[in-house]
Amino acid sequence: MSQLSMHSPVGDLTVTEEDGFIISLDWGWVPEEWQSETPLLLKTITQLNEYFDGDRLDFDLPLNPPGSNFQKQVCNAMVAIPGGQTKSYGEIAKEIDNSAQAVGNACGLNPIPIIIPCHRVLAAGKEMGGFSGQGGVETKQALLTLEGALPPLQINMEL
């Protein structure tokens, strides 16, 4: 297992590779002595930087998220959502013949957020729902805004 950390606009991130697959993306920084610059981890960091720079919406990486078959099915459904678009928990539930609540629970267990875009899954009525990454819903809104799925946040200031 190899790990590599990076700075990002949503906080420090650490990506983990095992057997030639990305298995997790976590918030935080691992000590330098635990980090490895494998070709796959370097490619992942490059693609994440492109994403945060607005030059990439989707990722082209080998993924193997740990979890049950159902969780993997939900992850596959999330990966299929194009950048800049959203789906509801209910829409994914219909696609995979399960309940919206079960889909929501699986989204919350996503071990590779951002790359497996659980931020693109919204509650009924286009409500934000939750986000398991650092910053919660604010991070989800920031990622969707970056992708153009939400209008830029407006700040009203009275002078």
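Residues numbered from 1 in each chain as written. Predicted model: local features only at pLDDT ≥ 70, side-chain atom pairs only at ≥ 80, totals over all residues. Heavy atoms only, no water.

Now for the state of the cysteines. This structure, assessed with the given rule, holds zero disulfides. Cys75 forms no disulfide, and the closest cysteine sulfur to it belongs to Cys107, at a distance of 7.8 Å. Classification of Cys75 by relative accessible area gives buried; the value is 4%. The thiol of Cys107 is not disulfide-bonded; the next cysteine sulfur, from Cys118, is found 6.4 Å away. (Disulfide = S-S within 2.5 Å. Buried < 20%, exposed > 50% of the residue type's maximum accessible area, 1.4 Å probe, protein only.)

The next point concerns the confidence of the model for the chain. Predicted confidence across the chain gives a mean pLDDT of 91, with 95% of residues reaching 70 or more. For the chain, the element scoring lowest by mean pLDDT is helix 5 (residues 136-147), at 90; helix 1 (residues 39-52) scores highest, at 98. (pLDDT = per-residue confidence, 0-100. Helix = DSSP H or I, 4+ residues; strand = E, 2+ residues; numbered from the N terminus.)

Another point: the nonpolar core. Here is a general trend for soluble globular proteins: nonpolar side chains tend to be buried in one another's company. Counting residues in hydrophobic clusters, the biggest one holds 37 residues, and the most contacted among them are Leu25, Leu48, Phe52, Met78 and Ile114. Elements with a minimum of two residues in this core: strand 1 (2-6), strand 2 (13-18), strand 3 (21-27), helix 1, helix 2 (69-79), helix 3 (89-96) and helix 4 (100-108). With six residues, helix 1 is the single largest residue contributor to this core. Look past the residues within four positions of Met78 in its chain and what remains in contact with it is Ile92, Cys107, Asn110, Ile116, Pro117, Cys118 and Val121. (Core = buried A, V, L, I, M, F, W, Y, C linked by side-chain atoms within 4.5 Å. Contact = heavy atoms within 4.5 Å.)

Enumeration according to the criterion identifies three aromatic pairs in this entry. Geometrically, the ring pair formed by Trp27 and Phe131 is edge-to-face, given 6.1 Å between the ring centres and 85 degrees between the ring planes. Here the residue Trp27 occupies a position in strand 3, and Phe131 occupies one in the loop between strand 5 (121-122) and helix 5, the gap between them amounting to 104 residues. One exposure class covers both Trp27 and Phe131, and it is buried. Here the aromatic rings of Tyr51 and Phe52 are separated by 5.3 Å at their centres, their planes lie at 75 degrees, and the arrangement is edge-to-face. Here the two residues Tyr51 and Phe52 agree in accessibility, since each one is buried. Through a chain of ring-to-ring contacts, three or more aromatic side chains come together here, namely Tyr51, Phe52 and Phe59. (Phe/Tyr/Trp six-rings, centres within 6.5 Å; stacked < 30°, edge-to-face > 60°.)

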